[in-house]
Amino acid sequence: MPIADRPESWPVTSSEDIHRDGWVVALRADAVRVPGADGTGEGEPFRRLVVEHPGAAIVLAIDDDGQVLCLQQYRHPAQISFVELPAGLCDEPGEDPLEVAKRELREEVELAAAEWVHLASVWASPGISAEQHHLYLARGLSPASRGDFALHAEEAAMEVFRAPFDELHAAVLDGRIADSPIALALLLARAKGLA
């Protein structure tokens, strides 16, 4: 049998919204039961918190000189200004993550790419969140207008810069860069021989 994740869904006996508003995430509490349990003893439902999240697309954009397009962006929950990659939420249900990646590259750093490679789709923290990250490598960069999109909040204060792939890779390995999407994208691109 091959080593692989497998789709599976355990019975939910009840679900309660703890927080839900007009923004993209919500928090709910599910009562989950082990499949086939009879409801006695070990078969009693147990509570699991779930952060509902639509997912995100992340772009490792590498120019013709081997420079990676990066952002320095403040993230309030961690109280750190992280080195990150252009990224954004899958705003609409069923939205193609590749189209999200293209949109975010254009809106955040005013670039388009001629070549796109899907690196991986991973779950950010499946013990509590339904957030999935779709990682892409983009090459053949060219200027593009962000149109009428306006940067706001943390995005308005972010710094855009380019850095050599090898320097970023080294910074991930020695712990100077700790944002998981950039770390994973750099490691995957190197492991797949794409950078």
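One structure accompanies this document, and this report is about it. The numbering scheme is per chain: residues are counted from 1 as the chain's sequence reads. Only residues with pLDDT of at least 70 are given local features in this predicted model, and only at 80 or more are side-chain atom pairs given and counted; all residues enter the totals for whole chains, interfaces and linings. The basis for every side-chain value is the complete set of non-hydrogen atoms in the structure, without hydrogens or water.

A closer look at the nonpolar core
In plain words, nonpolar cores are sets of buried Ala, Val, Leu, Ile, Met, Phe, Trp, Tyr and Cys residues tied together by side-chain atoms within 4.5 Å. We call a residue buried when its accessible area falls under 20% of the maximum for its residue type, exposed when it is over 50%, and partly exposed in between, using a 1.4 Å probe and counting protein chains only. Judged by nonpolar contacts, the single largest core of 24 residues is most densely connected at L60, V68 and L168. Labels follow the DSSP assignment, with helices taken as runs of H or I lasting at least four residues and strands as runs of E lasting at least two, numbered in each case from the N terminus. Residue assignment for this core shows that the elements contributing at least two residues are β4 (56-61), β5 (67-75), β8 (111-123), β9 (132-143), α3 (165-173) and α4 (180-191). It is α4 that provides the largest number of residues to this core, a total of 6 residues. Among residues more than four places away in sequence, those in contact with L168 are V68, C70, V83, A163, I177 and L186. Note on contacts: a residue pair qualifies if any of its non-hydrogen atoms lie within 4.5 Å across the two residues.

Let's talk about the layout of surface pockets
Computed over the protein atoms alone on a 1 Å grid, cavities are sets of points where a 1.4 Å probe fits but cannot get out and pockets are open sets with protein on both sides within 12 Å along at least five of seven lines; a residue lines them when it has an atom within 4 Å of a point. Grid points are joined across faces, edges and corners, and a volume is the space filled by probe spheres set on the points. By volume, the largest pocket amounts to about 1,300 Å³. Secondary-structure elements contributing two or more residues to the lining of the largest pocket are β4, β5, β6 (80-84), β7 (87-89), α1 (97-109), α2 (154-157) and α4. Considering each element in turn, the lining of the largest pocket owes the most residues, 4 residues, to α1. Looking at the lining of the largest pocket residue by residue, the class counts come to 16 nonpolar, 7 polar and 11 charged. Considered as a void within the structure, the second largest pocket measures approximately 730 Å³ in volume. As for the second largest pocket, its lining consists of 20 residues, of which E8, S9, W10, V50 and P126 are closest to the centre. In this count, Pro and Cys sit with the nonpolar residues alongside Ala, Val, Leu, Ile, Met, Phe, Trp and Tyr, while Asp, Glu, Lys and Arg are called charged and the others, Gly among them, polar.

Considering the pairing of β5
Bridge count for β5 against strand β10 (residues 159-164) is 6 bridges, and the pairing is antiparallel. Residue pairing across strands places L71 opposite V160, the latter belonging to β10. Think of it this way: DSSP has to see at least two bridges between two strands before they count as a pair. Direction of pairing for β5 relative to β6: antiparallel, over a ladder of 5 bridges. If you follow Q73 over to β6, its bridge partner there is F82. Joining the antiparallel neighbours β5 and β6 is a turn of 4 residues, in which Q79 adopts a positive phi near 55°.

Section: the environment of A31
Residue position: A31 is located in strand β2 (residues 26-32). Exposure remark for A31: the relative accessible area of 14% places this residue in the buried category. Taking the C-alpha atoms as reference, A31 lies 34 Å from I182; in sequence the two are 151 residues apart. Setting aside residues up to four positions removed in sequence, A31 forms contacts with P11, V12, T13, S14, P45 and F46.

Some thoughts on the sheet that holds β8
Reading across the sheet, the 4 strands line up as β7-β4-β9-β8 and stay open at both edges, with mixed pairing between neighbours. The open sheet has two edge strands with one neighbour each: β7 and β8. Looking at each pair of strands side by side, their axes are set apart by 20° on average, direction ignored. Taken together, the 3 bridges between β4 and β7 define a ladder with antiparallel strand orientation. Considered in β7, the bridge of A56 is made with L89. Where helices are involved, their axes are fitted lines through C-alpha atoms of the stretch in contact, as for all axes, and angles between N-to-C directions lie from 0 to 180°.

Digging into α4
The end-to-end C-alpha separation of α4 is 16 Å, in line with the 16 Å expected for 12 residues at 1.5 Å each. Among the residues making up α4, those that are buried are P181, I182, A183, A185, L186, L188 and A189. Looking at the buried positions of α4, the neighbouring elements they touch are β4, β5, β6, β8, β9 and α3. Every helix has an expected span of 1.5 Å times one less than the residues it contains.

Digging into the pattern of salt bridges
Side-chain pairs of opposite charge can arise where the charged atoms are in close proximity. By definition here, a salt bridge exists when the distance from a side-chain nitrogen of Lys or Arg to a carboxyl oxygen of Asp or Glu is within 4 Å. Applying the stated criterion across every chain, the model contains 13 salt bridges. When the shortest N-O distance is used, the salt bridge between R103 and D91 registers 3.3 Å. With R103 in helix α1 and D91 in the loop between β7 and α1, this residue pair connects regions lying 12 residues apart in the sequence. Relative accessible area serves as the criterion here: at 14%, R103 is assigned to the buried category. Across the salt bridge formed by R176 and D174, the nearest N and O atoms sit 3.0 Å from each other. Classification of R176 as exposed rests on a relative accessible area of 60%. Classification of D174 by relative accessible area gives partly exposed; the value is 48%. The network of salt bridges with common partners includes D17, R20, R28, D30 and E52.

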